[in-house]
Amino acid sequence: MLDKATDPNVKSNLDNAQKAEDAAKSAADAAKASEDAAQKVVDNASKALSDAQKAAVDAQAKVDAAAKALSSANATKAEKDQAVTDAQTAVTAAEQAVKDAQAAYDKLPEDKKALTAVEFLDKYSAGTYTQRKQEAIEKYGSQFGADVVDGKTAAYDMISRSLDLIDELNKIRNAYGLSTLKVSGKLMADQAVEADLNDGTNGRAGHSAVSKAAGRNLAWGSYDPYGTPVNGDLTKWQLDGWMGEQNLWYEAKAKVPNGGSFTFEGKSYALPSNWQSLSTYDLSIYCNKNTKQGDANFYQGVGHYLNIIEKDVNFGVAGIGTSPTSYLGGNTHALGMGYYDSQYYSKSMSNADDTICSVDEYRALMNEAKRSTHDKADALAKLNESKDALANLKAALATAQTEAKDAADAVTKATFAKQAADGEKDAADAVVTAAQSDLSAAKDKLASAQKDYSAKQAAYESAAANTAQAQKAYDAATSGLQQAKDDLATAGAQRSRFRARRRRCCREGRQGGVREGKGCCWRIRLATVRRKCCARKGQDGRGYRAGCLRQGQRCIRGSQGQLQREAPGL
């Protein structure tokens, strides 16, 4: 401790300055802690804002995705709704189509089945074909076999070919100024069996006993039994075919108009005087009875020709049968003109139940017979098709409705998802706003804390400066005391040496050793101490303060007692 020689305010000032510094330091530390806490709050608020902003970005991405999904769902729903509308329209149209098809079906008569050629021949001949076929088998089966009538002629292509030949027959007759013959359904059936009886290679029936035709011709090995006209003139013919026989007729008319014998193409013929006035039938009877051996049968040479140009054909009808085969190659043809009612045949034909018509009409009947009337079947197929289409369209409508419902559900779901995403975005935005507010408040607090810390730090630094100043003053005060103590220590040592020397000098009786007062030689030492003491400040030992042992006291002087008081231990 400073003693009374030191100014008491120095220590008090230092203590007060130190206390003020400590208080300022505490306040600055507290302000720093507040600043650090505020900075931490700012850092946390900044991170919270960053996290909130990232969450808001993620929420916006969800909103965008939800909006896109909702837009897609709405587009799909619109498409599916349109599909339902289209499907409903199609169903309505299909229902009307079914009604129309049902009405069309109900109006049509029942279909008829196409006829076979045999059924056709029988239909328009009162069963003549089947009847003649049975008669032929009974008559000739044992001779030519059970398949003597095998049905090759009862085919539509053969019937069609026969009609073409009747057309050609009528053209020839018309060229001679003769009438056009009609088709007889019975003769067509009759001659179909006749041609069938004559197309086999195991025998031919010839003019059979089962045919009921009048003028009958047979031909083998040709595709056109009429022969070949000269330069297309149907009144002039080459020697081939049925019409080629006119050449023999014209030769007879030229050579033996009144009867007689003549030759033609290497054959001899003999005719009666009235041969030209005979009917074809009478001429055939005459020639068959009167032709001599070695002569040719004139009727057999002209009979086919005469049948074709016959003026008075019974009922004016004809029928032709055509077979695709012949023992000579080519076709077999059988022509029948008119009904034969001679008693020579066991049965005759009547036209009462016959079908008699033109070639074109008969061909139309044939074509109709060949055609299955399937209008009603077609209408039924169309009806069923329209019903199937309606069923398919209804199924498509149901599918479209299901898909539309699914699309609507998807829109609802997407709407909810969008609303949820919007809610999340709003919440995220609110969090961002709150985080921004928190960050702003935290920054304000940080700024306030930083300002407070700066002020308190400045106060602390000022207090520290004051403390340093007080310390400097204190150090200055205490440094003189320390020097005085050092000087006292030195003086003490010198005193000890002085006393020792005094004792020695007193013993030896040296100068200064004479006792004077209470001690030996003390005056000398005292003066020395005083001079040393006062010399530090440049003083002369006369009552000056500052720097002499203790501040506020006088410089050492006077008696030894005073010295002891002022400098104990000396």
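You'll find the structure just up there.
Presented here is an overview of the structure given in this document. Numbers given to residues run from 1 along each chain, matching the order in which its sequence is written. Given that this is a predicted model, residues contribute local features only at a pLDDT of at least 70 and side-chain atom pairs are listed and counted only at 80 or more, while totals for whole chains, interfaces and linings are drawn from all residues. Only hydrogens and water are removed before side-chain values are computed, so all heavy atoms of the structure are retained for them.

**Some thoughts on the overall build of the protein chain**
For the protein chain, the count of helices and strands is twelve helices and eleven strands. Note on exposure labels: buried denotes an accessible area under 20% of the residue type's maximum, exposed denotes more than 50%, and partly exposed covers the range between, all computed with a 1.4 Å probe on protein chains only. Burial statistics for the protein chain: of 570 residues in total, 38% are counted as buried. Every residue pair with non-hydrogen atoms within 4.5 Å of one another is taken to be in contact. When contacts within the protein chain are restricted to residue pairs at least 6 apart in sequence, long-range pairs at least 24 apart make up 70% of them. Going along the chain from the N terminus, every DSSP run of H or I of four or more residues is numbered as a helix, and every run of E of two or more is numbered as a strand.

**Focus on the layout of surface pockets**
Both cavities and pockets are sets of points on a 1 Å grid over the protein atoms alone; in a cavity a 1.4 Å probe fits but cannot get out, in a pocket the set is open with protein on both sides within 12 Å along at least five of seven lines, and lining residues sit with an atom within 4 Å of a point. Grid points are joined across faces, edges and corners, and a volume is the space filled by probe spheres set on the points. Estimates place the volume of the largest pocket at around 1,000 Å³. Taken together, the elements giving at least two residues each to the lining of the largest pocket come down to strand S2 (213-222), helix H7 (280-290), helix H8 (298-308) and strand S8 (331-339). A breakdown of the residues in the lining of the largest pocket according to their chemical character gives 17 nonpolar, 16 polar and four charged. Each pocket or cavity is described by its volume, and for the second largest pocket that value is around 410 Å³. Lining the second largest pocket we find 17 residues, and of these Trp249, Thr280, Leu306, Ile309 and Lys311 sit closest to its centre. Three classes are used: nonpolar for Ala, Val, Leu, Ile, Met, Phe, Trp, Tyr, Cys and Pro, charged for Asp, Glu, Lys and Arg, and polar for all others, with Gly counted as polar.

**Considering the pairing of strand S7 (residues 317-323)**
Across the seven residues that make up S7, a large majority, seven, are buried. Paired strands, as defined in this entry, are two strands with at least two bridges between them according to DSSP. Where strand S1 (residues 182-184) meets S7, two bridges bridge the pair, whose relative direction is parallel. Across the sheet, residue Lys182 finds its bridge partner in S7, namely Val317. Direction of pairing for S7 relative to S8: antiparallel, over a ladder of six bridges.

**Digging into the packing of aromatic side chains**
The relative placement of two aromatic rings is captured by the distance of their centres and the angle of their planes. Whether two aromatic rings pair depends on their centres lying within 6.5 Å, for rings of Phe, Tyr and Trp, where Trp uses its six-membered ring; planes under 30 degrees apart make the pair stacked, over 60 edge-to-face, and the rest tilted. In the structure shown here, the tally under the stated rule is eleven aromatic pairs. Seen from their ring centres, Phe120 and Tyr156 are 6.0 Å apart, and the 45° between their planes marks the pair as tilted. Remark: Tyr156 occurs in helix H4 (residues 156-175) and Phe120 occurs in helix H2 (residues 117-123); sequence separation between them is 36 residues. Ring centres of Phe262 and Tyr269 lie 5.4 Å apart, and the angle between their planes is 25°; on these two criteria the pair is classed as stacked. For the pair formed by Phe262 and Tyr269, the shared burial category is buried. Clustering of aromatic rings is evident, with ring pairs tying together Trp249, Phe262, Tyr269, Trp275 and Phe298. Comment: the charge-over-ring label is applied if NZ (Lys) or CZ (Arg) is within 6 Å of the ring centre and within 35 degrees of the ring normal. One cation-aromatic arrangement involves Lys11 over Tyr474; the distance from NZ or CZ to the ring centre is 5.7 Å. Above the face of the Tyr105 ring, Lys376 is positioned so that its terminal group lies 4.0 Å from the ring centre.

**Quick look at the nonpolar core**
By nonpolar core we mean a set of buried residues, namely Ala, Val, Leu, Ile, Met, Phe, Trp, Tyr and Cys, connected to one another through side-chain atoms within 4.5 Å. Ranked by size, the top nonpolar core spans 62 residues in total, and within it Leu121, Tyr226, Phe298 and Tyr362 carry the most contacts. Counting residues in hydrophobic clusters, the runner-up holds 14 residues, among them Ala45, Leu49, Leu446 and Ala449.

**Notes on the pairing of S2**
With seven of its ten residues buried, S2 lies for the most part within the structure. Note that S2 and S8 share eight bridges and pair antiparallel. Bridge pairing in S8 places Ala219 opposite His333.

**Side note on helix H9 (residues 359-370)**
For a helix, the expected span equals 1.5 Å multiplied by the number of residues minus one. Here H9 contains twelve residues, and its C-alpha end-to-end distance of 16 Å stays within 8% of the 16 Å for a straight helix at 1.5 Å per residue. Regarding H9, the residues found buried are Val359, Tyr362, Arg363, Met366 and Ala369. End-on view of H9: buried residues confined to an arc of 120°, all on one side of the axis. The elements touched by buried residues of H9 are H2, H4, S1, helix H5 (185-197) and strand S9 (356-357). This arc is taken over the directions from the axis of the helix to the C-beta atoms.

**Digging into the pattern of salt bridges**
Any Lys or Arg side-chain nitrogen located within 4 Å of an Asp or Glu carboxyl oxygen qualifies as a salt bridge. Taken as a whole and judged by the stated rule, the model has 26 salt bridges. One salt bridge in this structure joins Asp190 and Arg132, with 2.8 Å as the shortest N-O distance. Here Asp190 is found in helix H5, whereas its partner Arg132 is found in helix H3 (residues 128-144), with 58 residues between them in sequence. Under the relative-accessibility criterion, Asp190 is labelled buried at 1%. You can call Arg132 buried: its relative accessible area is 4%. Measuring nitrogen to oxygen at the nearest pair gives 3.4 Å for the salt bridge that ties Arg216 to Glu194. Of this pair, Arg216 sits in strand S2 while Glu194 sits in helix H5; the two residues are 22 residues apart in sequence, bridging distant segments of the chain. Summarising the burial analysis for this pair, Arg216 and Glu194 share the class buried. The network of salt bridges with common partners includes Arg132, Glu135, Asp190 and Lys212.

**Remarks on the packing of H4 against H9**
Fitting a line to C-alpha atoms yields each axis, with helices limited to the stretch in contact; the angle taken between N-to-C directions then spans 0 to 180 degrees. The N-to-C vectors of H4 and H9 enclose an angle of 170°; their axes lie 10 Å apart at closest approach. Compared by their axis directions, H4 and H9 come out roughly antiparallel. Taking contact as the criterion, the partners of Tyr156, Ile159, Ser160, Leu163, Asp164, Ile166, Asp167 and Asn170 in H4 are, on H9, Val359, Tyr362, Arg363, Met366, Ala369 and Lys370. Across the contact of H4 with H9, the residue classes break down as eight nonpolar, two polar and four charged. For this classification, under 35 degrees means roughly parallel, over 145 means roughly antiparallel, 65 to 115 means roughly perpendicular, and everything else is oblique.

**What to know about H7**
Within H7, burial applies to Thr280, Leu283, Ser284 and Cys287. Angular distribution of buried residues about the axis of H7 spans 100°; they occupy a single face of the element.

**Brief notes about the side chain of Arg173**
Looking at the element boundaries, Arg173 is found in helix H4. Apart from the residues lying within four places of it in its own chain, the contact partners of Arg173 are Leu178, Ser179, Leu181, Ile308, Ile309, Glu310, Lys311, Val313 and Met337.

**Some points on the sheet that holds S8**
Ordered in space as S2-S8-S7-S1-S9, the five strands form an open sheet in which the pairing is mixed. Whereas interior strands pair on both sides, the edge strands pair on one side only; in this sheet they are S2 and S9. Along the sheet, H5 contacts S1, S2, S7 and S8; its crossing angle with S7, the most-contacted strand, is approximately 30°. With respect to the sheet, H8 is in contact with S2 and S8, its orientation differing from that of S2 by roughly 120°.

The quantities given are spatial measurements derived from coordinates; they are silent on function.
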